[in-house]
Amino acid sequence: MLLVSVCQHSPGFGDTQGYNMAIQLRSTAAVASDGVKVCVYGAAGTGKTTLIATLPNPIILSAEGGLLSLHGADIPYIVVDTMDRLREAYTWLRESKEAAQYESVALDSISEVAEVVLAAEMKKSKDGRAAYGEMNTTMADMIRAFRDLPGKHVYMSAKLEKSQDETGRMLYNPSMPGKTLTQQLPYFFDELLALRVERDADGKTQRALMCDSDGLWQAKDRSGWLDPWMPPDLGAIINRISTPQTKE
Ligand SMILES: Nc1ncnc2c1ncn2[C@@H]1O[C@H](COP(=O)(O)OP(=O)(O)OP(=O)(O)O)[C@@H](O)[C@H]1O
Ligand SMILES: [Mg+2]
């Protein structure tokens, strides 16, 4: 008897009688039209900041002083050296008429933003673990919020972290402070690409975006439309994902 009355007030997952459903059916075909969300990581000097110039009509949120490589371009930027500034920039991007003109948002780099957040938390708390916990929550919220900016392509750059597995192989992944956030990061993005610089047989520098993991370098392409290696051109990558029928 008691069980029945409990069920009436808080129905189980299988109790469907008497409910008016307001399910909103959407189509996965329209997912890419809300903007492509991509994270690129790479070693210092590989060209993560330079990649911003290949985005359609971008605005930069810069957490590091590395914009010199874009001095030849004319791209607007906002300095986001504190979490408050980042929040202001987010609200402005979502709500202002002025920001509507930008098709792409570049956050350069999230590794740097996370370091700023962690330093602020470390000042507040004597307990290092609590500071890392706060930083994880703040960063996860922040990354999701920017990633889900409606109608905008979003590019976040990240520094490179190298580690060695138990067999001595070198592994490469985006760098974030703390193990938890480092492990979570790839799940936030549809596209996680590694920016690689190698020298070819003639000694010339070659840059490419690695879009598929080789077991050593972390990379993934949820769209399935990218080649394993793509030229360092985010505009081309966005086109490929947004209009997949153009795949050769
Ligand atoms: N696609 C490219 N073709 C030619 N030169 C490039 C390219 N990308 C980057 N470079 C050059 O490489 C240098 C470093 O580029 P950039 O500052 O973009 O690297 P970064 O990955 O952002 O470095 P950091 O990690 O220090 O911020 C610059 O001199 C830039 O002009
Ligand atoms: Mg840079």
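Calculation rules
- Residues numbered from 1 in each chain as written.
- Chains lettered and ligands numbered in written order.
- Predicted model: local features only at pLDDT ≥ 70, side-chain atom pairs only at ≥ 80, totals over all residues.
- Helix = DSSP H or I, 4+ residues; strand = E, 2+ residues; numbered from the N terminus.
- Buried ≥ 20, exposed ≤ 12 C-beta atoms within 10 Å, placed from the backbone.
- Contact = placed C-beta atoms within 7 Å.
- Near = placed C-beta within 6 Å.
- Nonpolar A, V, L, I, M, F, W, Y, C, P; charged D, E, K, R; others polar.
- Axes fitted to C-alpha atoms, helices over the stretch in contact; angles between N-to-C directions.
- Parallel < 35°, antiparallel > 145°, perpendicular 65-115°, else oblique.
- Left-handed = near helix turned anticlockwise from the far one by under 90°.
- Core = buried A, V, L, I, M, F, W, Y, C linked by C-beta atoms within 7 Å.
- Pairing = 2+ DSSP bridges.
- pLDDT = per-residue confidence, 0-100.
- Expected span 1.5 Å × (residues − 1).
- Arc of directions from axis to C-beta.

Undergrad: If you had to explain the overall build of the protein chain to someone new, which residues and values would you point to?
TA: Assigned secondary structure in the protein chain consists of six helices and 10 strands. Classification of the 248 residues of the protein chain by burial places 31% in the buried group. In the protein chain, once contacts between residues fewer than 6 apart in sequence are set aside, the share between residues at least 24 apart is 61%.

Undergrad: Could you give me a rundown of the site of ligand 1, with the residues and numbers involved?
TA: Around ligand 1, the surrounding shell consists of Gly42, Ala44, Gly45, Thr46, Gly47, Lys48, Thr49, Thr50, Gly66, Ser69, Arg207 and Pro232. Of the residues belonging to the shell around ligand 1, the class tally is two nonpolar, eight polar and two charged.

Undergrad: An account of the packing of helix α3 (residues 110–124) against helix α4 (residues 128–147) is needed here, citing residue identities and associated values.
TA: For the pair α3 and α4, interaxial distance at closest approach is 9 Å and the crossing angle is 140°. One element, α3, and the other, α4, form an angle in the oblique class. Relative to α4, the crossing made by α3 is right-handed. Only Ala131, Glu134, Met135, Thr138, Met139 and Ile143 of α4 make contact with α3, whose side of the interface consists of Ile110, Ala114, Val117, Leu118, Glu121 and Met122. Of the residues in the contact of α3 with α4, the class split is nine nonpolar, one polar and two charged.

Undergrad: So what's going on with the nonpolar core? Which residues, and what values?
TA: Val38, Val40, Ala114, Tyr155 and Leu193 are the most contacted members of the largest nonpolar core, which has 50 residues in total. Each residue touching Leu193, except ones within four places of it in the same chain, is listed here: Val38, Val40, Leu209, Met210, Cys211 and Ala219.

Undergrad: Go over the environment of Arg87 with me, naming the residues and quoting the values.
TA: Within the secondary structure, Arg87 sits in helix α2 (residues 83–95). Exposure remark for Arg87: the 13 C-beta atoms within 10 Å place this residue in the partly exposed category.

Undergrad: Go over unusual backbone geometry, please, and point to the residues and values.
TA: Omega for the bond connecting Asp108 with Ser109 falls within 30 degrees of zero, at -5°, which places this linkage in the cis form. Mapped onto the secondary structure, Ser109 falls in the loop between β4 (104–108) and α3.

Undergrad: Go over the pairing of strand β5 (residues 153–164), please, and point to the residues and values.
TA: Note: strand β1 (residues 37–42) against β5, six bridges, orientation parallel. By the bridge assignment for β5, Val38 is matched with Tyr155. Both β4 and β5 contribute to a ladder of four bridges, which runs parallel. Bridging from a neighbouring strand, Leu107 pairs with Met156 of β5. Relative to strand β6 (residues 170–175), β5 is paired through six bridges, and the arrangement is antiparallel. Bridge pairing in β6 places Ser163 opposite Leu171. Hairpin connection of β5 to β6: five residues between the antiparallel strands, including Gly168 at a positive phi of 90°.

Undergrad: Outline the packing of α4 against helix α5 (residues 179–188), supporting the account with residue identities and numerical values.
TA: The interhelical angle for the contact between α4 and α5, taken along N-to-C directions, is 15°, at an axis separation of 11 Å. By the angle between their axes, α4 is roughly parallel relative to α5. Considering the relative orientation of α4 and α5, their crossing is right-handed. Contacts between α4 and α5 involve Asn136, Met139, Ala140, Ile143, Arg144 and Arg147 on the former and, on the latter, Thr180, Leu181, Gln184 and Phe188.

Undergrad: So what's going on with the pairing of strand β2 (residues 58–62)? Which residues, and what values?
TA: Counting buried positions over the five residues of β2 gives five, a clear majority of the element. Residue alternation in β2 divides its side chains into two sets, Pro58, Ile60 and Ser62 and Ile59 and Leu61, and both sets are buried. As paired elements, β2 and β4 share five bridges and run parallel to each other. Along β4, the bridge assignment pairs Ile59 with Val105. Of the strand pairs in this sheet, β2 and strand β3 (residues 77–79) are connected by three bridges, and their pairing is parallel. Note on β3: the bridge partner recorded for Ser62 is Val79.

Undergrad: Residue-level account of the confidence of the model for the protein chain, with values.
TA: Across the protein chain, the average pLDDT comes to 89, with 88% of residues at 70 or higher. Contacts of residues 1–7 to residues separated by more than four positions or lying in other chains number two contacts, the stretch itself having pLDDT below 50.

Undergrad: Give a detailed account of α4, specifying residues and quantitative values.
TA: The terminal C-alpha atoms of α4 lie 28 Å apart, and with 20 residues this matches the ideal 28 Å at 1.5 Å per residue to within 8%. All of the buried residues along α4 are Ala131, Met135, Asn136, Met139, Ile143 and Phe146. All buried residues of α4 project into a common sector of 140° when viewed along the axis, lining one side. Looking at α4, the residues exposed on the side facing more than 90 degrees away from the buried face are Arg129, Asp141 and Arg144. The elements touched by buried residues of α4 are α2, β4, α3, β5 and α5.

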